[in-house]
Amino acid sequence: MTHPFLDLAPLSAARFASIEDRVARLLDTRQDIVTMQGEALLPLEGAIRSAAGPGTTALNVITGPYGQTFGDWLRDCGATVIDLAVPFHTAVTAEQVREAFAEHPGIDFVSLVHAEAATGNTNPVAEIGEVVRERGALLYLDAVASIGAEPVLPDAWGVDLCVIGAQKAMGGPAGVSAVSVSERAWARMAANPGAPRRSYLSLLDWKQRWIDGGRKSLPHAPAQLEMLALEACVERIEADGLNAVMARHRSAAEAARAGARALGGGLEPYVYEDRDAAPVATTLRAPSGVVASELVAQALESDPAVPLAAGGGALAKEMIRVNHYGVDATRGAVRASLAALGAALTSKGLTVDVEGALRAVDDNRRSRRAG
Ligand SMILES: *Cc1c(COP(=O)(O)O)cnc(C)c1O
């Protein structure tokens, strides 16, 4: 008996290349796309190890947990690393990046996360890209949590290595990811003796064995199911329209912030300023005396379908995440999340206004339509 997932015709090189071309269109880029057969951490690590080495002076911007990881990889490569850490309740500014360059003129590589699903903030990449370009440094961007939720434009912004994954706002699988690579980034890698070769982490292998040969034959058997899923989720975004998909995320985030403020009970948006809040996910600060992970566990008990999670690591005590991305980028998911949190807060003896919160979610929609 044939099985719909198992007995598939082999994925051709032409089909693989056409999926890459669709990803390039999604990013509005003319750069090369390297699709990697693994979760986004594969190209995130591969791109750093390919581009950075002992001669590199890297400015590593930390606005969430991934920045910490990038710094570790960079140091591991032998790079000199200047960490620019900002509190998780805000975003980094282009001015802070400019000051870092002024203080350390040798910086030739900048690593930055665009939106942080883990901390709920988003960084002004267009403005930062301008500063980085003026200084001639290479810009590496983790756009895993922003692609599909807000504009990601590597060419317009001067991003040299832009990594995306399908598992957040694209509503796809976690097992496949991609990186767009500028000519400058290829040159940097070619000049880096420590860049991985004959390795799963190697971007240069893909250039040599796939791109430079005109993408006629695949270097190894592709992860077929993941590639088909990537194709399907890009196709769905194209059908809905990227702008409509981004608008859904943006309005879910606005509704979550307005609803959380109206809910009360000591719950408040974790990211202070609306402009710093990521469209992909909204983080909330638990009321004092309430452990966020316990509150989330209780809310999930009352409604297991809501997209709630506690913050990772040490943030589990104070941070609640409303992961309104992909299929959950709806006002309904936000309403259900706030209702479940309201019930959990009430059972802890706190006074909340669930009706008011749900009204705020709906009012937010009306004011957007009027405006
Ligand atoms: C989700 C995400 C990733 C992918 O990492 P996972 O922890 O495996 O989901 C990478 N970077 C950012 C900014 C993300 O939000």
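Residues numbered from 1 in each chain as written. Predicted model: local features only at pLDDT ≥ 70, side-chain atom pairs only at ≥ 80, totals over all residues. Heavy atoms only, no water.

K.L.:
Would you take a moment to explain the overall build of the protein chain for this structure?
P.N.:
Broken down by element type, the protein chain carries 13 helices and 11 strands. Here the protein chain has a C-alpha radius of gyration of 21 Å; the compact-globule value for 371 residues is 21 Å, and the two agree. Overall, the C-alpha framework of the protein chain stretches about 65 × 65 × 40 Å when taken along its three principal axes. Restricting to contacts in the protein chain with at least 6 residues of sequence separation, those with at least 24 account for 70%. (Helix = DSSP H or I, 4+ residues; strand = E, 2+ residues; numbered from the N terminus. Rg over C-alpha atoms; globule rule 2.2 N^0.38 Å. Contact = heavy atoms within 4.5 Å.)

K.L.:
Before we go on, may I ask you to explain the domain arrangement of the protein chain in this structure?
P.N.:
Interfaces are often sized by the accessible area lost when the parts come together. Once the domains are mapped, the protein chain shows domain 1 (13-240) and domain 2 (242-370). Once you take the C-alpha centre of each, domain 1 and domain 2 turn out to be 29 Å apart. Carbon and sulfur atoms supply 64% of the area that domain 1 and domain 2 bury against each other, a total of about 1900 Å² over both sides. When residues of domain 1 are sorted by the area they lose upon contact with domain 2, His89, Gly120 and Ala149 head the list and together hold 26% of the total. Counting across the interface, domain 1 meets domain 2 through zero salt bridges. Applying the counting rule to domain 1 against domain 2 returns six residue pairs in polar contact (both at pLDDT 80 or more). (Domains from an automatic or database assignment. Buried area = accessible area lost by both parts, 1.4 Å probe. Salt bridge = Lys/Arg side-chain N within 4 Å of Asp/Glu carboxyl O. Polar contact = N/O pair within 3.5 Å; in protein donor to acceptor, adjacent residues only side chain to side chain.)

K.L.:
Which parts of the structure should I look at to understand the packing of aromatic side chains?
P.N.:
Here the distance between the centres and the angle between the planes together describe a pair of aromatic rings. A complete count under the given rule lists five aromatic pairs for this structure. Between the aromatic rings of Phe70 and Trp73, the centroid separation amounts to 5.8 Å while the plane-to-plane angle is 25 degrees, which identifies the pairing as stacked. Note that Phe70 and Trp73 are positioned in helix α3 (residues 65-76) at a spacing of three residues, about one turn of the helix. Given the relative accessible area of 0%, Phe70 is considered buried. (Phe/Tyr/Trp six-rings, centres within 6.5 Å; stacked < 30°, edge-to-face > 60°. Buried < 20%, exposed > 50% of the residue type's maximum accessible area, 1.4 Å probe, protein only.)

K.L.:
Would you mind showing me how to read the site of the ligand here?
P.N.:
Residues in close proximity to the ligand include Glu39, Leu44, Tyr66, Val113, Ala115, Ala117, Asp142, Val144, Ala145, Gln167 and Lys168, which together make up its full environment. Within the side chain of Glu39, one N or O atom sits 2.5 Å away from an oxygen atom of the ligand. Within the contact set of the ligand, an oxygen atom lies 2.7 Å away from a side-chain nitrogen or oxygen of Lys168. In isolation the ligand has 380 Å² of accessible area, and contact with the protein removes 81% of it. Residues belonging to the shell around the ligand are distributed by class as follows: seven nonpolar, one polar and three charged. (Near = heavy atom within 4 Å. Areas by Shrake-Rupley, 256 points an atom, 1.4 Å probe, with all protein chains shown as cover. Nonpolar A, V, L, I, M, F, W, Y, C, P; charged D, E, K, R; others polar.)

K.L.:
Just to check I follow, could you spell out the pairing of strand β3 (residues 80-85) for this structure?
P.N.:
Where strand β2 (residues 57-62) lies against β3, six bridges are found, and the strand directions are parallel. Bridge assignment links Asn60 to a residue of β3, and that residue is Asp83. Handedness of the crossover joining β2 and β3 through α3 is recorded here as right-handed. (Pairing = 2+ DSSP bridges. Right-handed = clockwise from strand over helix to strand, strands pointing away.)

K.L.:
Looking at this model, I keep getting lost on the pattern of salt bridges. Mind explaining?
P.N.:
Opposite charge on two side chains lets them pair, provided their charged atoms get close. Per the counting criterion, the structure on display carries 19 salt bridges. Between Arg49 and Glu45 there is a salt bridge; the shortest N-O distance is 2.7 Å. Note that Arg49 and Glu45 are positioned in helix α2 (residues 41-51) at a spacing of four residues, about one turn of the helix. The pair formed by Arg49 and Glu45 is uniform in burial state, with each residue classed as buried. For Asp205, the salt bridge is made with Arg197, and the minimal N-O distance between the two is 3.5 Å. For Arg197, a relative accessible area of 33% corresponds to the partly exposed category. One continuous salt-bridge network, built from bridges that share partners, spans Glu20, Asp21 and Arg215.

K.L.:
Teacher, can you tell me more about the environment of Glu95 here?
P.N.:
Relative to the assigned elements, Glu95 resides in helix α4 (residues 94-103). On the basis of relative accessibility, which here comes to 42%, the residue Glu95 falls in the partly exposed class. Residues Glu95 and Glu127, 32 residues apart in the sequence, show an inter-C-alpha distance of 9.0 Å.

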